[in-house]
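A closer look at the structure
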Amino acid sequence: MNVSSPEAPGPGPDPDQGPGQGRVVLLTTSHRVAPGLLSWPAWQALRAADTVVCADGAHPQLPYLREAGIALQESSPTARELVDACAGGRTVVVVATGEGETALTDGLARLAGSGRVAMPELELLPASYDLPGARLLDLVQVMDRIRVECPWSSRQTHQGLAKYAIEEAYELVEAIEAGDREELREELGDVLLQVVFHSRIAEEDPDAPFSVDDVAGGIVTKLIHRHPHVFGDERAETPEDVKEHWLRTKAEEKRRTSVTEGVPLGQPGLALAAKLASRARTAGLDVPLPRGEGVGYELLALAVRAEAAGVDPEAALRAAARAYRDAIRASEGTAPEQAGRARPDTVEG
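As a starting point, this report considers the structure included with it. (Residues numbered from 1 in each chain as written. Predicted model: local features only at pLDDT ≥ 70, side-chain atom pairs only at ≥ 80, totals over all residues. Heavy atoms only, no water.)

A few points about the sheet that holds strand E1 (residues 23–28)
Across the sheet, five strands lie side by side as E3-E2-E4-E1-E5; this open sheet has parallel pairing. Two strands in the sheet have a free side with no partner beyond their single neighbour: strand E3 (73–74) and strand E5 (121–126). Where E1 lies against E5, six bridges are found, and the strand directions are parallel. Residue pairing for E5: Arg-23 is matched across the bridge by Glu-121. Contacts from helix H1 (residues 40–48) reach E1, strand E2 (51–54), strand E4 (91–95) and E5, with the element oriented near 135 degrees to E5. (Pairing = 2+ DSSP bridges. Helix = DSSP H or I, 4+ residues; strand = E, 2+ residues; numbered from the N terminus. Contact = heavy atoms within 4.5 Å. Axes fitted to C-alpha atoms, helices over the stretch in contact; angles between N-to-C directions.)

Shown next, in the form of structure tokens:
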């Protein structure tokens, strides 16, 4: 395709000429989909085209297009050159680069707006689409680069990052309880970062390495096994049925001898008490509360009572504490909105 001046459209064909002006197809692809996996309409357009051009000689699709017998020109035509190449009803397919073809599309728009050029038919044809979850691939790539190039991130360990996982989880809970959708989206991202960061660190373990794919594969297997009513032949009509399936299969997997096994003792006290009460109640165990003096036993009884009533004692106490905070601010003459939310120094995206 010969190069000509892009800024001098010249008189061009008669804009009333109509048919015969050809067709320009801008073919876009996703870098998150393996090269060569193009849609059928894309392959049809490529095979029927009179000319196929791509400005990026290193475009990942080019080897596959050539293998399929598509004749390619590695060139960067101007908008005017592209229009001229379509004369006589010809079709030109432009394989878009990863950065897009902004200069080309802007030039075509200027030509069309001039009113002096009979424009070919213009079509944007997505050749491959991102599947749900495709941006997770970007996150993995970004995390990999940060781990290698960032002086701080490259030195982090599981132990050093542990506190951030707890902090981010609490901030996620706070966003949920506040009903802030934008904050919820951000905090979910921060929690996800912790998973990807720890998985990236785990790849470097000399004795037992694993990757984020291993983490994802493990939870997929677990979810399928613990949902036989979805992926198998068992039936579940109520949430209670689902919970029974989950606990039974979990017990089979872990081969636990006590319903208390697997309950993390390091969690907040009210949550711990409620979790133990839930395990006992679900197992049908009627266990009297231990008797003792002091506020600890009183709180234990309150937590068990809350769990039996379907109330999360931690959430209930946080709600009451927020009301207490507002009362304190009112007594100080400080409006709640004037006291900004202090965020800890956490690892965030």
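Digging into a nonpolar patch on the surface
Together, Ile-219, Val-220, Leu-223, Ile-224, Val-230 and Phe-231 make up an exposed nonpolar region whose accessible area comes to about 530 Å². Every element with two or more residues in the nonpolar patch is listed here: helix H8 (212–225) and helix H9 (228–231). Sort the elements by how many residues they give to the nonpolar patch and H8 lands first, with four residues. Mapped onto the elements of the fold, Val-230 is located in helix H9. Using a relative accessible area of 52% as the deciding quantity, one classes Val-230 as exposed. (Patch = residues over 30% accessible without salt bridge, like charges linked within 9 Å, V, L, I, M, F, W, Y side chains within 5 Å. Areas by Shrake-Rupley, 256 points an atom, 1.4 Å probe, with all protein chains shown as cover. Salt bridge = Lys/Arg side-chain N within 4 Å of Asp/Glu carboxyl O. Buried < 20%, exposed > 50% of the residue type's maximum accessible area, 1.4 Å probe, protein only.)

Digging into the side chain of Arg-32
With respect to the secondary-structure elements, Arg-32 resides in the loop between E1 and H1. In this structure the side chain of Arg-32 is engaged in a polar contact, spanning 2.5 Å, whose partner is the side chain of Asp-130. Setting aside its immediate chain neighbours within four residues, Arg-32 contacts Asp-130, Ala-134, Arg-135, Leu-137 and Asp-138. (Polar contact = N/O pair within 3.5 Å; in protein donor to acceptor, adjacent residues only side chain to side chain.)

All quantities given are derived from atomic positions and should not be read as evidence of function.
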